[in-house]
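Each chain, letter by letter, is given below.
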Amino acid sequence: MAVWDDVVGQERLTEQLAAAARDADALVTAEGAAASGVDPIAQSGASKMTHAWLFTGPPGSGRATAARAFAAALQCVSPDRALGGAPGCGFCDGCHTSLVGTHADVEVVRTDLLSIGVKETRDLVRRSSMSPSGGRWQVIVLEDADRLTEGAGNVLLKAVEEPAPRTVWLLCAPSIEDVLPTIRSRCRHVTLRTPPVAAVADVLIRRDGIDPDAAAAAARATQGHIGRARRLATDERARARRAAVLKLPLRVDDIGGCLKGAQELIDAATEDAKQVAEDVDAKETEELRAALGAAAGTGGRLPRGTAGAMKELQDKQKRRSTRTQRDSLDLALTDLTGFYRDVLAVQLNATVPLANDGVRDSVRRIAASSSPERTLRRIEAVIACRQALDRNVAPLLAVEAMTAALRKG
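Here the structure is a predicted model, which is why all the values come from computation and not from measurement. (Residues numbered from 1 in each chain as written. Predicted model: local features only at pLDDT ≥ 70, side-chain atom pairs only at ≥ 80, totals over all residues. Heavy atoms only, no water.)

In this section: the sheet that holds strand β1 (residues 52–56). Pairing in this open sheet of five strands is parallel, and the strands run β2-β3-β4-β1-β5 from one edge to the other. At either end of the open sheet lies a strand with only one pairing partner, and these are β2 (106–109) and β5 (188–191). Ignoring strand direction, the axes of neighbouring strands in this sheet form an average angle of 15 degrees. Alignment of strand β3 (residues 138–142) against strand β4 (residues 167–173), held across five bridges, turns out to be parallel. Across the sheet, residue Ile-140 finds its bridge partner in β4, namely Trp-169. (Pairing = 2+ DSSP bridges. Helix = DSSP H or I, 4+ residues; strand = E, 2+ residues; numbered from the N terminus. Axes fitted to C-alpha atoms, helices over the stretch in contact; angles between N-to-C directions.)

Below, the discussion takes up the pattern of salt bridges. By the definition in use, this model includes 23 salt bridges. For Arg-126, the salt bridge is made with Asp-123, and the minimal N-O distance between the two is 2.8 Å. In this pair, Arg-126 and Asp-123 both sit in helix α4 (residues 118–128), three residues apart, roughly one turn of the helix. With relative accessibility at 40%, the residue Asp-123 sits in the partly exposed group. The salt bridge involving Asp-315 is made with Lys-311; its shortest N-O contact spans 3.0 Å. Remark: Lys-311 and Asp-315 occur in helix α12 (residues 307–347); sequence separation between them is four residues, near one turn of the helix. Given a relative accessible area of 29%, Asp-315 falls into the partly exposed group. We classify Lys-311 as partly exposed; its relative accessible area is 44%. (Salt bridge = Lys/Arg side-chain N within 4 Å of Asp/Glu carboxyl O. Buried < 20%, exposed > 50% of the residue type's maximum accessible area, 1.4 Å probe, protein only.)

The subject of this paragraph is the packing of α4 against helix α5 (residues 150–161). As a packed pair, α4 and α5 sit with axes 8 Å apart at the nearest point and diverge in direction by 10 degrees. When the axes of α4 and α5 are compared, the pair comes out roughly parallel. Of α5, the residues touching α4 (which contributes Val-118, Thr-121, Arg-122, Val-125 and Ser-128) are Gly-151, Ala-152, Val-155, Leu-156 and Ala-159. Taken together, the residues that form the contact of α4 with α5 break down as six nonpolar, three polar and one charged. (Parallel < 35°, antiparallel > 145°, perpendicular 65-115°, else oblique. Contact = heavy atoms within 4.5 Å. Nonpolar A, V, L, I, M, F, W, Y, C, P; charged D, E, K, R; others polar.)

We now examine the confidence of the model for the protein. Summary statistics for the protein give a mean pLDDT of 87 and a share of 94% for residues scoring 70 or more. Taken element by element, the predicted model of the protein shows its lowest mean pLDDT in helix α11 (residues 255–291) (84) and its highest in β1 (96). (pLDDT = per-residue confidence, 0-100.)

Quantified by volume, the second largest pocket comes out at close to 580 Å³. Along its surface, the second largest pocket is lined by 19 residues, and Leu-113, Glu-120, Glu-312, Lys-316 and Arg-319 are the ones closest to its centre. Going through the elements one at a time, α4, α11 and α12 are the ones with two or more residues in the lining of the second largest pocket. Classifying every residue of the lining of the second largest pocket gives seven nonpolar, three polar and nine charged. (1 Å grid on protein atoms, 1.4 Å probe; cavity = no way out; pocket = protein on both sides within 12 Å on 5 of 7 lines; lining within 4 Å. Points joined across faces, edges and corners; volume = space filled by probe spheres on them.)

Here we come to the packing of helix α2 (residues 63–74) against helix α3 (residues 93–100). Here α2 crosses α3 at 155 degrees, and the two axes come no closer than 8 Å. With respect to each other, α2 and α3 are oriented roughly antiparallel. The handedness of the crossing between α2 and α3 comes out as right-handed. From α2, Arg-68, Ala-69, Ala-71 and Ala-72 reach across to α3, where they touch Cys-95, Ser-98 and Leu-99. Partitioning the contact of α2 with α3 into residue classes produces five nonpolar, one polar and one charged. (Left-handed = near helix turned anticlockwise from the far one by under 90°.)

With that settled, consider helix α8 (residues 212–221). Every buried residue of α8 is accounted for by Ala-215, Ala-218, Ala-219 and Ala-221. Looking straight down α8, one finds its buried side chains confined to an arc of 165 degrees; they lie on one side. If you follow the buried residues of α8, they end up packed against α7 (197–208), α9 (226–234) and α10 (236–246). With a side-chain oxygen positioned 3.1 Å from the backbone nitrogen of Asp-213, the residue opening α8 is Asp-211. (Arc of directions from axis to C-beta. Polar contact = N/O pair within 3.5 Å; in protein donor to acceptor, adjacent residues only side chain to side chain.)

Notably, Arg-166 is not glycine yet its phi reads approximately 65 degrees, a positive angle. Mapped onto the elements of the fold, Arg-166 is located in the loop between α5 and β4. On the basis of relative accessible area, Arg-166 is assigned to the buried category, the value being 16%. Despite not being glycine, Asn-392 shows a phi value in the positive range, around 70 degrees. One can find Asn-392 in the loop between α14 (372–390) and α15 (395–408).

Core analysis: the largest hydrophobic core is formed by 35 residues, its most contacted members being Met-49, Trp-53, Phe-55, Phe-70 and Leu-170. For this core, the elements supplying multiple residues, two or more each, are α1 (11–29), β1, α2, β3 and β4. What Phe-55 contacts, discounting residues up to four positions off in sequence, is Leu-17, Arg-63, Ala-66, Ala-67, Phe-70, Leu-170, Leu-171, Cys-172, Ala-173, Val-190 and Leu-192. Core analysis: the next-biggest nonpolar cluster, separate from the first, contains 31 residues, Val-252, Leu-329, Leu-336 and Leu-354 among them. (Core = buried A, V, L, I, M, F, W, Y, C linked by side-chain atoms within 4.5 Å.)

This is the structure we're talking about:
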């Protein structure tokens, strides 16, 4: 299985990346390239390869998957390359370790916090200045480049502007506007599209062994979002949560229903954050206490001078809880947007299939009691709520304002 097989519905992109990987392979294997001490990329003006890439695309399009596949192709050591085979076989040690995250020269950076700060970015820049320890390239995959703070972006700029030889940066972000202009101007930009529903269903069947009907329903409900489709098809709790969200449009007939519905959305998001905390926080805390010499069974007292480390961990866990709550709310708002999209499709007699076919009766009921103009205003209210959450408006206030706007239409 080639490394590109998991990049769903992005044929043109994979062709471009495969061509770049072939040029990168030729650059590294060219006689004298490694011994010259000169950046091999900079010495090849016609190469399809470059030192910095920016992957953009809508959520669920597979930005990080494409970046990791490209990283694996750059590290491919298959003997078939000498016979004309393309890098990225998927079976050799370079491909396998890159894909599973154990390759010494492939650093994959993702965050479950609200932002990536200066300290973490300086560590990445320091690593990027090193030569590959055993692989063909030093590859840094930054999955959440849109979460870099302004200061962190300025730290990264120097490394992208003057890259070390044999170092490649792969940055991922939802859109080109989410990255500092000075950084994106120094990257080769590649755009991913939302994968077709049929392609997402096919990969769920082929790779995850999901029943065809369930795979098709999940892919249709999430409109091509690969990660959400997999979760919806495999997690009963996710399906129950989504079903509860899709009942909200029928419950905003009065102010009481609006306020109650808003509170339930917030409570559900808070519960998601609590579950993540229960799974992760206790383990992290105990591991840190053990590292500081205060593990269970040793008296429990932290050594003098270590309280700062524990406080730093607690702050990190608090930021992660906030991020989890926001992500859960954003998922619910995305489902609401899809619901009203279906309502609008029914009102306009569009021939597109409904994403929420399982609640067709509710969709038709709302469509019959409203107008396309009111539906568009409701979609705008959901979008406004998402924007308010991005601006750190109190979640309950933002969601209450949205539910009141859904009632008014």
